[in-house]
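Coordinate analysis (summary)
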Amino acid sequence: MKILLLPLLFLPGCSSVSVLQEREVASLAPKAKPKTLYVRPFEVRRGAEFDAAAPASGEDPRSKVGDLVTEGILSRSEAWIAPGKLLPADAPAPSSGLLVQGKILRTQQGSRALRVGIGFGLGRTRLETSVRVFNLAASATEPWRSFETTGGSNMEPGVVGALVPSPLAIPIAASVVGSAVTAGAIGVKGVSQDASRTGRVIAAAIHDKLAKRRLVERATNVKRAGRLATPVGEVQVPVTVE
């Protein structure tokens, strides 16, 4: 099983989203750059594990998480793929362009107190999705590509971990601005950031396939997750894939 890691390096800390279970029907691939990227709202799959607090605005948390994933895709669509357009769930599919739709499979908000205080994966967040991408000019019922994503907060040290030197805390803390900044960044990460980041990674995964077919100019790179053994477990280390 091929697993790709598409980290967004401009975000604080070492959170990541991986793309896995990739499947493609080559005969349905686009032959030219798409003119529009349509995105249906992501929905929480029936029976899915869902643990997320209600937003302060009073919105339904299930709808809010789905909206954030959708908005994350649309925020990068024009720069990486094609101008984006939200397509209502009950609207018929257009006759051309790309269409993205998906389900949220798992949502865990974790514990902010554990992420800030200790870190190293304790209290981590988790968000998993399934995605289907249709080349509408070829088929509106069979996807050109399908894949899953999984991601959330990772193995960064919290306040305690940052203050106590260890074989894991030192290299991780040194990889960002500083230990205190790292711990603070972990605290504010949650399901909302996971959802937005997941949307951007979905857009990056689609962009990567189009760039490999030379239908768009490459604007972001794909990374594969390597593994680094530490005293408390393995840590993902991004390695560039050509």
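Scanning the protein chain from terminus to terminus reveals 6 helices and 10 strands. With 242 residues in all, the protein chain has 49% of them scored as buried. Put simply, of all contacts in the protein chain between residues at least 6 apart along the chain, 73% involve residues at least 24 apart. Roughly 11,700 Å² of accessible area belongs to the protein chain as shown, and the carbon and sulfur atoms make up 55% of that amount.

Further remarks concern the packing of aromatic side chains. Scanning the model with the defined rule gives 0 aromatic pairs in all. Positioned above the aromatic ring of W80 is the side chain of R76, whose terminal nitrogen or guanidinium carbon lies 5.8 Å from the ring centre.

Chain-level pLDDT for the protein chain is 76 on average; 63% of the residues reach the 70-or-more range. Residue range residues 168-189 is modelled with pLDDT below 50. Its contacts to residues more than four positions away, or to other chains, number 45 contacts. Considering only residues more than four positions removed or in separate chains, one finds that residues 237-242, a stretch of pLDDT under 50, has 15 contacts.

Turning our attention to the nonpolar core. If you look at the biggest cluster of nonpolar residues, it comprises 38 residues, and the most contacted ones within it are I73, I81, V100, I202, I206 and L210. Elements supplying a minimum of two residues to this core: β2 (16-24), β3 (37-39), β4 (43-51), α1 (61-80), β6 (98-108), β7 (126-135) and α6 (191-212). For this core, the leading source of residues is α6, giving 10 residues. In terms of nonpolar packing, the next biggest core, distinct from the first, is built from 6 residues, L87, L99, F134 and L136 among them.

So, on to the side chain of T107. Inspection of the secondary structure puts T107 in strand β6. In contact with T107, other than residues within four places in its own chain, are E49, F50, D51, A52, R126, L127 and V191.

To continue, consider the environment of K209. Within the secondary structure layout, K209 lies in helix α6. Residue K209 is classed as buried on the basis of its relative accessible area, which comes to 15%. Along the sequence, K209 and R145 sit 64 residues apart, while their C-alpha atoms lie 9.5 Å from each other.

Calculation rules
Residues numbered from 1 in each chain as written. Predicted model: local features only at pLDDT ≥ 70, side-chain atom pairs only at ≥ 80, totals over all residues. Heavy atoms only, no water. Helix = DSSP H or I, 4+ residues; strand = E, 2+ residues; numbered from the N terminus. Buried < 20%, exposed > 50% of the residue type's maximum accessible area, 1.4 Å probe, protein only. Contact = heavy atoms within 4.5 Å. Areas by Shrake-Rupley, 256 points an atom, 1.4 Å probe, with all protein chains shown as cover. Phe/Tyr/Trp six-rings, centres within 6.5 Å; stacked < 30°, edge-to-face > 60°. Lys NZ or Arg CZ within 6 Å of the ring centre and 35° of its normal. pLDDT = per-residue confidence, 0-100. Core = buried A, V, L, I, M, F, W, Y, C linked by side-chain atoms within 4.5 Å.

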